[in-house]
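The primary structure of each chain is shown beneath.
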Amino acid sequence: MQTRCGLAYNKFFPIFNRIYKKVAQAHPKIEFIDTWNTFAVNGNFSPIVADKTGKRGRVRINDGVHPTDHGAKILIDILKQKMIADGVLQPKIKSIKKENIK
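All of these numbers come straight from a predicted model, not from anything done at the bench. (Residues numbered from 1 in each chain as written. Predicted model: local features only at pLDDT ≥ 70, side-chain atom pairs only at ≥ 80, totals over all residues. Heavy atoms only, no water.)

Student: How should unusual backbone geometry be read in this particular structure?
Tutor: With glycine set apart, most residues show a phi of negative sign, and most peptide bonds adopt trans. Not every positive phi belongs to a glycine, and Asn42 is a case in point at roughly 55°. In this fold, Asn42 is placed in the loop between β1 (40–41) and β2 (44–45). (Helix = DSSP H or I, 4+ residues; strand = E, 2+ residues; numbered from the N terminus.)

Following this line, the structure appears as structure tokens:
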């Protein structure tokens, strides 16, 4: 069942995202990164989403706009992957302890 807040997200966020994307296209130093599908299930906003480890949690605080810690971690992962793909950020390499090398 959709909540009123969910219905508002489904109606307005895609409109806002189209506007943000169009503005970003007009400014070469701005890139729009669409996160709608990350926070949607079957195309509809979902207030609870799993992160890359499968842990589920609320993604927005009660104002409906700002992310919770869980939502922010998901956004950070998206941004880090994009920055790695663009060559702006180097992937973190796990260090190997000498005692693990044979």
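Student: Would you explain the pattern of salt bridges in this entry?
Tutor: A side chain of one charge can pair with a side chain of the opposite charge when the charged atoms of the two come close. Tallying each qualifying case throughout the model produces three salt bridges. Lys82 is paired through a salt bridge with Glu31; the nearest N and O atoms lie 2.9 Å apart. Linking Lys82 in helix α2 (residues 69–85) with Glu31 in the loop between α1 (4–25) and β1, this pair joins segments that are 51 residues apart in sequence. Glu31 sits in the partly exposed class, given a relative accessible area of 48%. Across the pair Asp86 and Lys82 runs a salt bridge, and its minimum N-O distance is 3.1 Å. Classification of Asp86 as partly exposed rests on a relative accessible area of 41%. Salt bridges linked by common partners bring Glu31, Lys82 and Asp86 together as one network. (Salt bridge = Lys/Arg side-chain N within 4 Å of Asp/Glu carboxyl O. Buried < 20%, exposed > 50% of the residue type's maximum accessible area, 1.4 Å probe, protein only.)

Student: Looking at this model, I keep getting lost on the side chain of Asn17. Mind explaining?
Tutor: With respect to the secondary-structure elements, Asn17 resides in helix α1. Residue class for Asn17 comes out buried when judged on its relative accessible area of 16%. Setting aside anything within four residues of it in sequence, one finds Asn17 in contact with Phe32, Asp34 and Trp36. (Contact = heavy atoms within 4.5 Å.)

Student: Please clarify how the packing of aromatic side chains should be interpreted in this entry.
Tutor: The way to describe two aromatic rings as a pair is by their centre distance and the angle between their planes. In this structure the tally under the stated criterion is four aromatic pairs. Between Phe12 and Phe16 the ring centres are 6.4 Å apart and the planes differ by 25°, which places this aromatic pair in the stacked class. With Phe12 and Phe16 both in helix α1 and four residues apart, the pair spans about one turn of that helix. Three or more aromatic residues link up through ring pairs in this structure, and these residues are Phe12, Phe13, Phe16, Tyr20 and Trp36. (Phe/Tyr/Trp six-rings, centres within 6.5 Å; stacked < 30°, edge-to-face > 60°.)

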